[in-house]
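One letter stands for each residue in the lines below.
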Amino acid sequence: MKKTMLLTLILSILAISIPYNVRAAEDIPAAAGEEYIEYFDGGYIINSLVDVYDSAVDGSLSTYATQITTKSATSSVYDSNNKLVAEFVLTATFTYNGSSATCIDALYTTQIYDKNWKFTDASVDRASNYATGNYTIKKTLLFITQATANGKLTMTCDKNGNVTVK
C-alpha cells in the first residue's frame, strides 16, 4: 500500500513537472493597433500602444516649434489558458519638430499576475528616434522551467510625432 501511494505521488510530480504543449485558441484577434505573438507552449503576447502625454494638443505643428510626446507600450503575456500572467510596460518620451525626432527618455515597469511566472531579465535602450525594451519571463514549477517567453517592444517616433510600436 505504501509503495503504491509513493509510486502514485512520484508519477504525479513527474506529470506536473513535464512541460506540455497546449495550443491557445486559434486566431486570437488582436485589436486595432495591437500585435499578436505566439510562443512555444501555446501562450501568447499582445503588444499595444497608449497615449500618455502630447504637447501638440490641437494636432497642429509649427515649422520651428519643438513638441513633446510620451507614449506607453504594453506587452501583455498570456498563458495557454488565455490567462493574463504578466505585463511589461515601456514608456518613452520623444521630442519632434517636423524635420526630426529624438527619444529623450525611456523606462520600463513589470507586473506579475501569476506567482509561478517571473521576469528573469528586463532592459531598455534608447537611441535616435526609438526606444526598445527586451524581457524574458519564465514559468517554473518545483524549480523546473515549464515555459519561457522572450518579448521585445520597439517604439519609433517620426518627425511629426507619430509613434508606432512593434
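Now for a description of the structure that goes with this document. Keep in mind the model is a prediction, meaning the values are calculated, not measured. (Residues numbered from 1 in each chain as written. Predicted model: local features only at pLDDT ≥ 70, side-chain atom pairs only at ≥ 80, totals over all residues. Heavy atoms only, no water.)

## A word on the overall build of the chain
- Within the chain, the regular secondary structure consists of 1 helix and 9 strands.
- The order of α-helices and β-strands along the chain, N terminus first, is α-β-β-β-β-β-β-β-β-β.
- When burial is assessed residue by residue, the chain has 37% of its 166 residues classed as buried.
- When contacts within the chain are restricted to residue pairs at least 6 apart in sequence, those whose partners lie at least 24 apart make up 48%.
- Surface summary for the chain: the accessible area is close to 9800 Å², and the carbon and sulfur share equals 56%. (Helix = DSSP H or I, 4+ residues; strand = E, 2+ residues; numbered from the N terminus. Buried < 20%, exposed > 50% of the residue type's maximum accessible area, 1.4 Å probe, protein only. Contact = heavy atoms within 4.5 Å. Areas by Shrake-Rupley, 256 points an atom, 1.4 Å probe, with all protein chains shown as cover.)

## Description of the packing of aromatic side chains
- Applying the stated rule across the entire model yields 4 aromatic pairs.
- Measuring from ring centre to ring centre gives 4.8 Å for Tyr-44 and Tyr-78, while their planes differ by 10°; the resulting arrangement is stacked. One end of the pair, Tyr-44, is in strand E2 (residues 44-54); the other, Tyr-78, is in strand E3 (residues 67-78), with 34 residues separating them in the sequence. By the burial criterion, Tyr-44 is buried, and Tyr-78 matches it.
- A ring pair is formed by Phe-119 and Tyr-135, whose centres lie 5.7 Å apart and whose planes are at 70°; its orientation type is edge-to-face. (Phe/Tyr/Trp six-rings, centres within 6.5 Å; stacked < 30°, edge-to-face > 60°.)

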